[in-house]
Amino acid sequence: MTSLTARAPLLLDSIVSLRRQTHRDLHHFLPCPWRSGITAAKNLCCRCRIHFSYRMASGSTQSPATPKQTMTLPNGNLFEIFAGPALSEFEFRSAIESPLFKQWLKNMQGERGLLAGGQMHLQRVEVQGIDMFQDRIGFLKFKAEVYDTQTGMKVPGIVFARGPSVGVLILLESEEDTYVVLTEQARVPVGKLLLELPAGMLDDGGDVVGTAVREVEEETGINLNVRDMVNLTAFLDTTTSCKVFPSPGGCDEELNLFLYKGPVKKEIVTALQGKEMGLRNHGELIKVHVIPYNKLWRLTADAKALIAVALYEMAKRDGLLSQANV
């Protein structure tokens, strides 16, 4: 009978041979990335290499198909629209059916749109995120690949879509002084409290002037009459679409600005000062401020207010306002 001592070298050689054969078999059958992983670990024991390969295999589940769709523009051109990694199929479908996305496409194809005349073409759109306002999409973020046809260069196309909005310049005349009504709100994106015009977003298919009147009442408690509202942006040339775009480099917001001007008693001005307003269930914590109109341009950083002042003063200079609103 062969002794255990005599058999030890043979047993050791068999184990080493088995390890080498196992490594060769794995190297032959596994895909290249896994081979390189095993090769990098070749100095580890055979058990470690097998355990590493098993973990890779168990984690290699097939990714779900990315929601996407090919859309055809009225001019016959096609473009692909697809969902970013964070979006579900339902969110993707909701996004491309939303009024925000449809309005953006309409603007792109309009008479003065980027796609008019074939000077530019749309190739792809990636829908990256949505924010719901109750049962509708309030904010939509996407990236559009738009190219200049002549040069082939891609133009910047990251879009934060929020749709149209309204703002109201409220001028109150009292004892030969003119005051402006502002709201103070916490604005998290800029990290500050700002003095602003009463303003708000336009709901789907909403009436512009009606929305303006409603926002004023919600944010200040002042009940205005629609007939007394003057659309300041309507004085702009028709080539502008009679809208103001506060940040067109990244946002589609189109702003409609209105003017209300009327006499009030001094007690009204005093009662408005510091009044707490806003829809608390919507997170609106608003404080009303009333300041002299001639100091407005220096006391606010609100673009809506400064644009409204410019429109009002220019319209007044050019005689476009009725005598009651001068």
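Please read these numbers as outputs of a predicted model, since none were measured by experiment.

What counts as what
- Residues numbered from 1 in each chain as written.
- Predicted model: local features only at pLDDT ≥ 70, side-chain atom pairs only at ≥ 80, totals over all residues.
- Heavy atoms only, no water.
- Patch = residues over 30% accessible without salt bridge, like charges linked within 9 Å, V, L, I, M, F, W, Y side chains within 5 Å.
- Areas by Shrake-Rupley, 256 points an atom, 1.4 Å probe, with all protein chains shown as cover.
- Salt bridge = Lys/Arg side-chain N within 4 Å of Asp/Glu carboxyl O.
- Lys, Arg positive; Asp, Glu negative; His and termini not counted.
- Charge placed at Lys NZ, Arg CZ, Asp CG, Glu CD.
- Helix = DSSP H or I, 4+ residues; strand = E, 2+ residues; numbered from the N terminus.
- Buried < 20%, exposed > 50% of the residue type's maximum accessible area, 1.4 Å probe, protein only.
- Pairing = 2+ DSSP bridges.

Brief notes about a negative patch on the surface
Residues Glu175, Glu176, Asp177 and Glu267 make up a contiguous surface patch of negative charge. By secondary structure assignment, the location of Asp177 is in strand 8 (residues 177-187).

Comments concerning the pattern of salt bridges
Here the structure, examined in full by the defined rule, presents 12 salt bridges. The residue Arg124 makes a salt bridge to Glu80 at a minimum N-O spacing of 3.0 Å. Separated by 44 residues along the polypeptide, Arg124 in strand 3 (residues 120-133) and Glu80 in strand 2 (residues 78-83) bring together distant segments of the chain. Accessibility expressed as a relative area gives 29% for Arg124, which makes it partly exposed. With a relative accessible area of 22%, Glu80 lands in the partly exposed category. Among the salt bridges present, the one from Glu89 reaches Arg93, with a minimum N-O distance of 2.8 Å. Here Glu89 and its partner Arg93 are both found in helix 4 (residues 89-96), 4 residues apart, which amounts to about one turn of the helix. On the basis of relative accessibility, which here comes to 40%, the residue Glu89 falls in the partly exposed class. The exposure class of Arg93 is partly exposed, given its relative accessible area of 30%. Residues joined in a network through salt bridges with shared partners are Lys68, Glu80, Arg124 and Glu145.

Some points on the pairing of strand 6 (residues 158-161)
By the alternation rule, side chains of strand 6 split into Val159 and Ala161, which are all buried, and Ile158 and Phe160, of which none is buried. Sheet topology places strand 4 (residues 136-148) next to strand 6; 4 bridges connect them, and they run antiparallel. Considered in strand 6, the bridge of Lys141 is made with Phe160.

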